[in-house]
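Chain by chain, the residues:
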Amino acid sequence: MALIWLEAMLPLGIIAGMLCVMGNAQYFIHKAAHGRPKHIGNDVWDVAMERRDKKIMEMLSSPSPSN
């Protein structure tokens with residue numbers, strides 16, 4: 001009777017372990033697909049700033065027209 005808590009804790013431990021495995025799998029799949037970790041809490045402002053930064057970097061890396 002002393003180890004009756006083990007009967008409930010074992011399935012909970014398995015469930016918690018599988019949640020951790022699924023979360024890490026999602027992280028590594030996203031990182032492999034996009035080359036960087038997922039940005040948590042990305043709102044409209046962050047997306048606009050990423051677009052702006054990408055446009056600025058493309059403008060700076062493109063060759064400038066010579067006169």
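Just so we're clear, the structure is a prediction, and the values are computed from it rather than from any experiment.

What to know about the overall build of the chain
Stage number 1. Helix and strand counts for the chain stand at 2 helices and 0 strands.
Stage number 2. With 67 residues in all, the chain has 0% of them scored as buried.
Stage number 3. Per element, the accessible surface of the chain, about 6500 Å² overall, is 69% carbon and sulfur.
Stage number 4. Here the chain contributes 7 positively and 6 negatively charged side chains, and the mean placements of these two sets differ by 8 Å.

Brief notes about the packing of aromatic side chains
Stage number 1. All told, the structure shown has 1 aromatic pair when counted by the stated rule.
Stage number 2. Geometrically, the ring pair formed by Tyr27 and Phe28 is edge-to-face, given 5.1 Å between the ring centres and 75° between the ring planes.

Considerations on the environment of Met57
Stage number 1. Considering the arrangement of structural elements, one finds Met57 in helix α2 (residues 44-61).
Stage number 2. In this structure Met57 comes out as exposed when scored by relative accessible area, which is 54%.
Stage number 3. Through-space distance from the C-alpha of Met57 to that of Tyr27 is 27 Å; in sequence the pair is 30 residues apart.

Looking at the pattern of salt bridges
Stage number 1. Tallying each qualifying case throughout the model produces 1 salt bridge.
Stage number 2. The partner of Arg52 in a salt bridge is Asp53, with the nearest N and O atoms 2.7 Å apart.

Some words on α2
Stage number 1. For α2, built from 18 residues, the straight-helix expectation of 26 Å at 1.5 Å per residue is met to within 8% by its first-to-last C-alpha distance of 26 Å.
Stage number 2. Within α2, only 0 of the 18 residues are buried, which leaves the element largely exposed.

Structural notes on helix α1 (residues 4-34)
An α-helical segment advances 3.6 residues per turn. Residues three or four places apart therefore align on the same side.
Stage number 1. Along its 31 residues, α1 runs 46 Å from first to last C-alpha, staying within 8% of the 45 Å computed at 1.5 Å per residue.
Stage number 2. Backbone geometry just downstream of α1 places Gly35 in the positive-phi region, at approximately 80°.

The rules behind these values
- Residues numbered from 1 in each chain as written.
- Predicted model: local features only at pLDDT ≥ 70, side-chain atom pairs only at ≥ 80, totals over all residues.
- Heavy atoms only, no water.
- Helix = DSSP H or I, 4+ residues; strand = E, 2+ residues; numbered from the N terminus.
- Buried < 20%, exposed > 50% of the residue type's maximum accessible area, 1.4 Å probe, protein only.
- Areas by Shrake-Rupley, 256 points an atom, 1.4 Å probe, with all protein chains shown as cover.
- Lys, Arg positive; Asp, Glu negative; His and termini not counted.
- Charge placed at Lys NZ, Arg CZ, Asp CG, Glu CD.
- Phe/Tyr/Trp six-rings, centres within 6.5 Å; stacked < 30°, edge-to-face > 60°.
- Salt bridge = Lys/Arg side-chain N within 4 Å of Asp/Glu carboxyl O.
- Expected span 1.5 Å × (residues − 1).

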